[in-house]
Amino acid sequence: MQDGLTSTLTHAAAQPMSGGSRFMRSFLNSKFRGPNYGANVHLMRRIIAEDAEWSLAIVPLLTDLCIQHIVKNFRNNPILKQLLPEHQQKVLRQLPPDLPLAVTANLIDDENYWQRCCEQRWPVCHLDCHGGSWKRVFFERHLENLIKHFIPDTTDPAVILDLLPLCRNYVRRLRVDQFLPPVQMPPTPHDGDQSESGSEGEMEEASMDHYQLGELVAGLSQLEELDLVFGIKDCGMNFEWNFFLFTYRDCHSLAATIKACHTLKIFRLTRSKVDDTKARILIRSLLDHPALEKLDLSHNCIGDRGARAAAKLLSHSHLRVLNLANNQVRAPGAQSLAHALAHNTSLLSLNLRLNCIEDEGGQALAHALQTNKCLTTLHLGGNELSEPTATLLSQVLSVNTTLTKINLSCNHIGLDGGKQLLEGMSDNKTLLEFDLRLSDVAQESEYLIGQALCANREEARQRTLNVSHSTAPLTAKGPENPAG
């Protein structure tokens, strides 16, 4: 009886709703309405099959199925440009951020996709430092990481060079704060004593040469900024001075690299133990450079000879910013810079803080500023300056109309020097910032200079407002209706 009932129910479930279904309903009522109704209901619930994969969801659209297929096979068959814009967006939202760059680099320009790629690899990304483009963030930081972990004579150069066809149009800035040296093999024992000759030292230095950027930079046609530090980060207990050695071969190679890069606007080489000789090699390659605007060689070992080379560069370039902070420049080097500054028409900022130019160098710069008509920012903090320099700078303040920022902090200006500067500020209407901290200036003089600066800033703000109002487009009013 049970088998017959089961086959009857199964057959009825497969039939469409018709007269047979009404017959089946009456059959069930006649069979189950009786004294064993509860047991029969339990039996019916057990014998009806249940499909675990059955769902009430609507069958997906064919478009969605196609998009899912495209996303699934995008690695081997990338289809994007052939799709409608709305379908492209659906595909891009579903693509994983770990696809090969050979597939995505020149095909995908969507910023949301590259943002996901960046956030997957780096928890912090400064978008403003990369021109506001997530694609630039990804390729610039990816290339920087490859360079920072490149080991000469161990890593295959193709790891970096193979990326060039993919990133050449998106890399405009490179900031590399680590260059790894070659792996050093243990020294072999030699018989007899070794003489400490210069040739032996040169051979030891040559063994510490780092990755050469020439071929890479030559392939980056949009490169505008190069920021380098030759050293190792997080070396811990394995510290050696050789890890922070900028060799002569590195220097000559880098000089040839920046000379050939005609799009380079900003060049920084800091904390790399650059001495006078290496600075002269680098600066010689930058003479008459067509695009260079900013040179930063701060935190090195550059002395007067290097400063003279920088002074020559001021006469053979369109440099706008020169930073030689925290070097070993003394009075002769400052005098060379002053001579070039007196005739320069492009430099806007000069930073010589943490050198030792003393009053002899400070007075030379002050004389140059009496004729210079372009410099706006001068930083001479921590240079052993005193009252004689302050006296000449007070004369500069009364005649110069371009300087807006001066820093004389951490010097020995003294009480009389402070009064001289205050007298010069009485005739100045353009200086907006004047740092005199830790310079032995009287508190009263410093306060009155601050009041004069506030007045200058207020006048500058009013001038800016007047210019903006005068250049704002006027709303034209239509002619009045004579009938009105």
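Conventions adopted
- Residues numbered from 1 in each chain as written.
- Predicted model: local features only at pLDDT ≥ 70, side-chain atom pairs only at ≥ 80, totals over all residues.
- Heavy atoms only, no water.
- UniProt positions renumbered as here; feature names shortened; annotations may be inferred.
- Helix = DSSP H or I, 4+ residues; strand = E, 2+ residues; numbered from the N terminus.
- Buried < 20%, exposed > 50% of the residue type's maximum accessible area, 1.4 Å probe, protein only.
- Areas by Shrake-Rupley, 256 points an atom, 1.4 Å probe, with all protein chains shown as cover.
- Core = buried A, V, L, I, M, F, W, Y, C linked by side-chain atoms within 4.5 Å.
- Domains from an automatic or database assignment.
- Contact = heavy atoms within 4.5 Å.
- Phe/Tyr/Trp six-rings, centres within 6.5 Å; stacked < 30°, edge-to-face > 60°.
- Pairing = 2+ DSSP bridges.
- Axes fitted to C-alpha atoms, helices over the stretch in contact; angles between N-to-C directions.
- Right-handed = clockwise from strand over helix to strand, strands pointing away.
- Parallel < 35°, antiparallel > 145°, perpendicular 65-115°, else oblique.
- Patch = residues over 30% accessible without salt bridge, like charges linked within 9 Å, V, L, I, M, F, W, Y side chains within 5 Å.
- Salt bridge = Lys/Arg side-chain N within 4 Å of Asp/Glu carboxyl O.
- Lys, Arg positive; Asp, Glu negative; His and termini not counted.
- Charge placed at Lys NZ, Arg CZ, Asp CG, Glu CD.
- Polar contact = N/O pair within 3.5 Å; in protein donor to acceptor, adjacent residues only side chain to side chain.

The name given to the chain in an unreviewed UniProt entry is T-complex-associated-testis-expressed 1, with Pipistrellus kuhlii as the source organism. Its UniProt record gives the chain the following Subcellular location (unreviewed entry) comment, quoted word for word: "Cytoplasm, Cytoskeleton".

Q: Can you walk me through the overall build of the chain in this structure?
A: Within the chain one finds 20 helices and 9 strands. Per-residue burial over the chain gives 42% buried out of 484 residues. Accessible surface computed for the chain: about 27,700 Å², of which carbon and sulfur atoms make up 54%.

Q: What's the story with the nonpolar core in this structure? I'm lost.
A: Formed by 111 residues in total, the largest nonpolar core has its most connected members in Leu-254, Phe-267 and Phe-434. Taken together, domain 1 (61–125) and domain 2 (135–183 + 209–233 + 241–468) each give at least three residues to this core, which thus spans both. Residues contacting Phe-434, with those up to four places away along its chain left out, are Leu-397, Ile-406, Leu-408, Leu-421, Met-425, Ile-449 and Leu-453. Ranked by size, the runner-up nonpolar core spans 6 residues in total, among them Leu-180, Cys-235, Phe-243 and Leu-245.

Q: Would you explain the packing of aromatic side chains in this entry?
A: Aromatic ring pairs: the centre-centre distance and the angle between the two ring planes describe each pair. In total, this model carries 10 aromatic pairs according to the counting rule given. Both rings, one in Phe-138 and one in Phe-139, keep their centres 5.5 Å apart while their planes meet at 85°; by these two values the pair is edge-to-face. Each member of the pair Phe-138 and Phe-139 is classed as buried. Each ring, one from Phe-239 and one from Phe-244, has its centre 5.6 Å from the other, and the planes form 40°; the classification is tilted. For Phe-239, a relative accessible area of 40% translates into the label partly exposed. Each member of the aromatic cluster is reached from another via a ring pair, and the members are Tyr-113, Trp-114, Trp-122, Phe-138, Phe-139 and Tyr-170.

Q: Would you mind showing me how to read the environment of Lys-373 here?
A: Locating Lys-373 in the fold gives a position in the loop between helix H17 (358–369) and strand E7 (377–379). Take Lys-373: its relative accessible area is 57%, and that puts it in the exposed class.

Q: Any chance you could explain the environment of Phe-179 here in plain terms?
A: Residue position: Phe-179 is located in the loop between strand E1 (173–176) and helix H11 (198–206). In this view, Phe-179 contacts Ile-147, His-210, Tyr-211, Leu-213, Leu-228, Val-229, Phe-230, Gly-231 and Ile-232; residues no more than four positions away in its chain are not counted.

Q: Before we go on, may I ask you to explain the sheet that holds strand E5 (residues 321–323) in this structure?
A: In any sheet, the strands associate via hydrogen bonds between backbone groups, in a parallel or an antiparallel arrangement. The strand order across the open sheet built from 9 strands is E1-E2-E3-E4-E5-E6-E7-E8-E9, with neighbouring strands paired in parallel fashion. The two strands at the open ends of the sheet, each matched to only one other strand, are E1 and strand E9 (433–435). On average, each strand axis in the sheet is inclined to that of its neighbour by 0°, with strand direction left out of account. By the bridge criterion, 4 bridges tie strand E2 (residues 225–228) to strand E3 (residues 266–269) in an arrangement that is parallel. Residue pairing in the sheet places Leu-226 in a bridge with Phe-267 of E3.

Q: Would you mind going over unusual backbone geometry with me for this structure?
A: Comment: phi is negative for the bulk of residues other than glycine, and the bulk of peptide bonds are trans. The phi dihedral of Glu-358 falls on the positive side, at around 55°, and the residue is not glycine. Structurally, Glu-358 is set in helix H17. With a phi close to 65°, Asp-440 is a non-glycine residue in the positive phi region. With respect to the helices, strands and loops of the structure, Asp-440 is situated in the loop between E9 and helix H20 (443–471).

Q: For this particular structure, what's the right way to read the pairing of E3?
A: Two faces make up the sheet, and in a regular strand the side chains alternate between them. The handedness of the E2 to E3 crossover, carried by helix H13 (residues 248–260), is right-handed. Relative to strand E4 (residues 294–296), E3 runs parallel, the two sharing 3 bridges. When the bridges of E4 are listed, Phe-267 appears paired with Leu-295. For the crossover that starts at E3, traverses helix H14 (residues 276–286) and ends in the parallel E4, the hand is right-handed.

Q: Help me understand the packing of H17 against helix H18 (residues 387–399) in this model?
A: Two measures define how a pair of helices packs: the angle their axes make with one another and the distance between the axes. Their axes nearest at 9 Å, the elements H17 and H18 cross at an angle of 5°. The orientation of H17 with respect to H18, classified from their angle, is roughly parallel. On the side of H17, the interface is formed by Asp-359, Gly-362, Gln-363, Ala-366, His-367 and Leu-369, while H18 contributes Pro-388, Thr-389, Leu-392, Leu-393 and Val-396.

Q: So what exactly am I meant to see when it comes to a positive patch on the surface here?
A: Side chains of Arg-280, Arg-284, Arg-305, Arg-308 and Lys-312 sit close together on the surface and give a patch of like positive charge. Of all the secondary structure elements, the ones that give two or more residues to the positive patch are H14 and helix H15 (304–315).

Q: Can you help me understand the pattern of salt bridges in this one?
A: Two side chains bearing opposite charge may form a pair once their charged atoms approach each other closely. Applying the stated rule across the entire model yields 12 salt bridges. Where Arg-136 meets Glu-140, a salt bridge forms, and the shortest distance between an N and an O atom there is 2.9 Å. Of this pair, Arg-136 and Glu-140 are both found in helix H8 (residues 134–148), 4 residues apart, which corresponds to roughly one turn of the helix. When salt bridges that share partners are traced, they join Arg-175, Glu-225, Asp-227, Arg-268 and Asp-296 into one network.

Q: Help me understand the side chain of Asn-428, please; the structure alone is not making it clear to me.
A: Position of Asn-428 relative to the elements: it lies in the loop between helix H19 (414–425) and E9. Given a relative accessible area of 4%, Asn-428 falls into the buried group. Engagement of the side chain of Asn-428 in a polar contact is seen with the backbone nitrogen of Thr-430, the distance being 3.0 Å. A polar side-chain atom of Asn-428 sits 2.7 Å from the main-chain amide nitrogen of Leu-431.

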